Amino acid sequence: MSLLKVILRFKLPNPLHSVSESVTLRTKQTFASFSFRATAEVISSTSGAHFQARQHTFCTMPAKKEFKRLPTDVKPENYNLRLQPDLQKFTFKGHETIDVKVVSSTNSITLNSEEIEIQTASYKAADAGDQSVKAEVKFEPENGVVVLSFPSPLQPGSGQLSIDFTGQLNDKMKGFYRSKYTSPSGEEMYAAVTQFEATDARRAFPCWDEPAVKATFDVTLVAPKNRVALSNMPVKSESDLPEDNTWKVVSYERTPIMSTYLLAFVVGEYDYVEGKDADGVLVRVYTPVGKKEQGQFALEVAVKTLPFYKNYFQIAYPLPKIDLIAIADFAAGAMENWGLVTYRETALLIDPKNSSSKTKQWVALVVGHELAHQWFGNLVTMEWWTHLWLNEGFASWIEYLCVDYCFPEFDIWTQFVNQDLGRALEMDALHNSHAIEIPVGHPDEVDEIFDAISYSKGASVIRMLHNYIGDESFRKGMNQYLTKFKYNNAITEDLWESLGKASGKPVLDVMTTWTKQMGYPVVKVSEKQDGNSRVLTLTQEKFCADGVQPKDGSFSWMVPISISTSSQPDKPAVVTLLDKPTIEVTVPNVKPKEWVKVNMESVGVYRVQYTSETLDKFIPAIKNKNLPPRDRLSLQSDLFALARAGMISTVDVLKVVGSFVNEDNYTVWSDLASNLGQISILLQNTDGFEDFKAFNRRLFKPVAQTLGWDPKDGEGPLAAMLRDLALTRLGKYGDEETVSEAKKRFEAHVSGKALLPADLKTPVYITVMANGSEDDFNKMMKLYDEADMQEEKNRLSRCMGSIKSDDLKKKVLEFAMSDKVRSQDTVFVIGGVTGTVQGREICWQFVQDKWSELHERYKGGFLLSRLVELSTENFVTEARAKEVEKFFEAHPAPAAERKVQQSVENIRLNAKWMESQADKVVDFLRSQ
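Computed from a prediction, not measured in an experiment: that's the story for all the values here. (Residues numbered from 1 in each chain as written. Predicted model: local features only at pLDDT ≥ 70, side-chain atom pairs only at ≥ 80, totals over all residues. Heavy atoms only, no water.)

Caption draft 1: Structural detail: the side chain of Arg745. Considering the arrangement of structural elements, one finds Arg745 in helix 17 (residues 736–751). Judged by relative accessible area, Arg745 falls into the buried class, the value being 19%. Within the structure, the side chain of Arg745 is placed 2.7 Å from the side chain of Glu741, a separation counted as a polar contact. Residues contacting Arg745, with those up to four places away along its chain left out, are Trp709, Asp710, Ala754, Leu756 and Leu760. (Helix = DSSP H or I, 4+ residues; strand = E, 2+ residues; numbered from the N terminus. Buried < 20%, exposed > 50% of the residue type's maximum accessible area, 1.4 Å probe, protein only. Polar contact = N/O pair within 3.5 Å; in protein donor to acceptor, adjacent residues only side chain to side chain. Contact = heavy atoms within 4.5 Å.)

And the structure:
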């Protein structure tokens, strides 16, 4: 599933666009990928035994609620499911006949069922002829189950369970729900759609709603004749409903054996474009009516991607067709339902004229992510939600491999270092982080782990493992794993076993240190020259965001180390494994003044701390770009993190920032901007903020001038993305020339004289709002009302909160809660006001005042965690940390409990930095 990477460095991929959605929403998803440490600033600008023997301390969290999985005395084999949604009354009626196997004698059958009314339920043994036994129905809402009791024990053998039921097409974006859209004629309409992951298939039909309880499905939908009706498989038959020929009865081919959370149905109005991949698989992209051209880009990506994965895994795509469909109301970024993948409109649709380069890249990543799940997740499924990370981390890694194959011009692996590795390192440095793999009990706990640890750290350790064992061994091991467990379930250790056998390396031993314990190391480097060799001493310890080592437990990792040198910056000079607290490494053929870089290309999941003398050797290599982009990026990223932890001086880091004067790589700039954004949030609380703005204007001005406002012939997408970034920063920080040009172009756009190209819209909108009047705000609102494309509505609504006026910020918050803004987007519009000190105050008060409404709307989903994060984590005082703690003690939010703890920890980190470093940073800025 793709979380709105908002949502993480929110799967959107750049600090500004991410705010829209790239969680998570990237992928569950989509949330899928945005970093909130600078979000506010950017938004407004933009085997177990082995390790017990080693006495490692692993992070485990006991289940918060008492929970039992379903009994195993009865198992489903096939569901024959018929559903008829009513798009006027927002209800549905259903009937299912489930072929079951009674494993052991029992008086009852327990299934999952939630918000379903059962009219009748009966059981018929295979040898009982037409004789069936009626069940007594008892619901246990607190456990999400229904118990069907029978007057005498059911005997072992085969039988059929028949259930008639009704339910509601809810407005919560989970289960079988309704999605509102506007027809080309302007009429308000509804579709019936599904989102079952993690545990919401039970809201559509009584079932064994656990990933390990797989079955086949024969689906029939009864739908209005004038609506498209889709499910996972191709249509088998279609006929009129005998009692009313305005309805049609559509039956679909039987699915492969699969988990309930991967089932899907859609009934609504859609257009589509179609094609076939190289192997003849039919691919369709369904779009809103009248917008089929907006599905063409995703179609091209999908047609390329399916053969890529087939070749990579050496296993053909298992189904005869695959549909990708844009859903108007969708909480995540996308969902990998087998053969019918659902997406947010902004994660699938590309307007050839009005979509930005960032959006095209985002769509390519999300399509790549969800199609990877068709093998990894759908063909082979995690045994329980404890292993969710394996699904999501793997898909979040291989989506980059796929996009790099399809679109090498995106230099996507460098962006991985910024978007996924960076976000993972940021969150996992917190004391309130969690291990990649943690025990999950009650389904309520599942939503908490749809986060940057499962997605981004999961992807990062997979990338590190791939590099450690090599691509050939990795592919061989993946094929063995998928072949062995196809149409079945697996756990994390099953994958390590396959990859270990394929590579001959201690994969289980190495990877358990990364998945079973939280955190990661900082590798401290000291060096000495020995003739023509450099001797490095590498020492590992747990890296903590506050620089304070935990008192309880010991932490140690088996760290793959790759070292490069200035004579061959693109090739590893030494590859080794740091498998103890300290090791010594000799790097041959290094002259005294040459640099040696640990963690070449930032493949390892760790920070690196050098001595001052070693750091000095890198400065010329940054200026002349002899140090490759991913290494330039990781060097400054590590420095900012070490400064925040109080392990080095922030002033010294800002001095190194000056070395990037000749930088031309978009992703390096993006990460640098994000790190400076965190400092901006803090310095807003001082009298040195104007000096900081001036520092940024001097930093970003040269690259903006080099790029100019208008694209040059032949420039690639990364140039457009860098232009967006640089102009946005200059506009946000009040560069007069940039503000003047942005206002001029905005007026021409509003009047229709010269429409803004898509790649310039965000910098212009943000600059105008950050320096604008009520009249400018009203013009933005008018553009929003007239926008026909969700991507454009998102751009506009996320920029509105940058307006200077406090009264207008309050209007933005009320607007966010109105019917004009889709519920899936409200959180990010609210977050848009948090770019200033006063904006954060206004937002936090608003969230407290509206908490009951917001909690009811988002409870049990990851959007609630995003709301907590956006509205709290950028405060800077201990008093505010206590206030946030007190509020959530009085207003519990179980699905966001960990996020509350993380936000409070971040507030205290901010307060610590303010106390120890703010004055020194201000003095430095004033001396410039």
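Caption draft 2: Summary view of helix 23 (residues 837–849). Between its first and last C-alpha atoms helix 23 spans 19 Å; for 13 residues at 1.5 Å apiece the expected length is 18 Å, and the two agree. Among the residues of helix 23, those classed as buried are Gly839, Arg840, Ile842, Cys843, Trp844, Phe846 and Val847. (Expected span 1.5 Å × (residues − 1).)

Caption draft 3: Inspection of the packing of aromatic side chains at higher detail. Inspection of the entire model under this criterion finds 51 aromatic pairs. Ring geometry for Phe555 versus Trp557: centroids 6.1 Å apart, planes at 20°, classification stacked. Residue classification places Trp557 among the buried residues on the basis of a relative accessible area of 0%. Directly above the aromatic system of Phe875 lies the positively charged group of Arg880, at a separation of 4.4 Å from the ring centroid. (Phe/Tyr/Trp six-rings, centres within 6.5 Å; stacked < 30°, edge-to-face > 60°. Lys NZ or Arg CZ within 6 Å of the ring centre and 35° of its normal.)

Caption draft 4: Structural context of the sheet that holds strand 16 (residues 271–276). If you walk across this open sheet you meet the five strands as 16-17-18-20-19, and the pairing is mixed. Among the strands making up the open sheet, the edge pair consists of strand 16 and strand 19 (334–335). Relative to strand 17 (residues 282–287), helix 3 (residues 296–313) is tilted by about 155°, and along the sheet it contacts strand 16, strand 17 and strand 18 (321–327). (Pairing = 2+ DSSP bridges. Axes fitted to C-alpha atoms, helices over the stretch in contact; angles between N-to-C directions.)

Caption draft 5: Local environment of the packing of helix 14 (residues 666–683) against helix 15 (residues 689–707). It is the contact of helix 14 with helix 15, at a shortest axis distance of 10 Å, that shows an interaxial angle of 165°. It follows from the interaxial angle that helix 14 and helix 15 lie roughly antiparallel. The hand of the helix 14/helix 15 crossing is left-handed. In this structure, helix 14 uses Trp669, Leu672, Ala673, Leu676, Ile679, Ser680 and Leu683 to contact helix 15, whose residues at the interface are Phe689, Phe692, Phe695, Asn696, Leu699, Phe700 and Val703. Broken down by class, the residue content of the contact of helix 14 with helix 15 amounts to twelve nonpolar, two polar and no charged. (Parallel < 35°, antiparallel > 145°, perpendicular 65-115°, else oblique. Left-handed = near helix turned anticlockwise from the far one by under 90°. Nonpolar A, V, L, I, M, F, W, Y, C, P; charged D, E, K, R; others polar.)

Caption draft 6: Spatial organisation of helix 22 (residues 823–831). Most of helix 22 is tucked away: eight of the nine residues are buried. Within helix 22, burial applies to Gln824, Asp825, Thr826, Val827, Phe828, Val829, Ile830 and Gly831.

Caption draft 7: Highlighting the nonpolar core. Ranked by size, the top nonpolar core spans 302 residues in total, and within it Leu161, Phe205, Trp208 and Phe265 carry the most contacts. When residues in this core are grouped by element, the largest group, twelve residues, is from helix 5 (residues 388–406). (Core = buried A, V, L, I, M, F, W, Y, C linked by side-chain atoms within 4.5 Å.)

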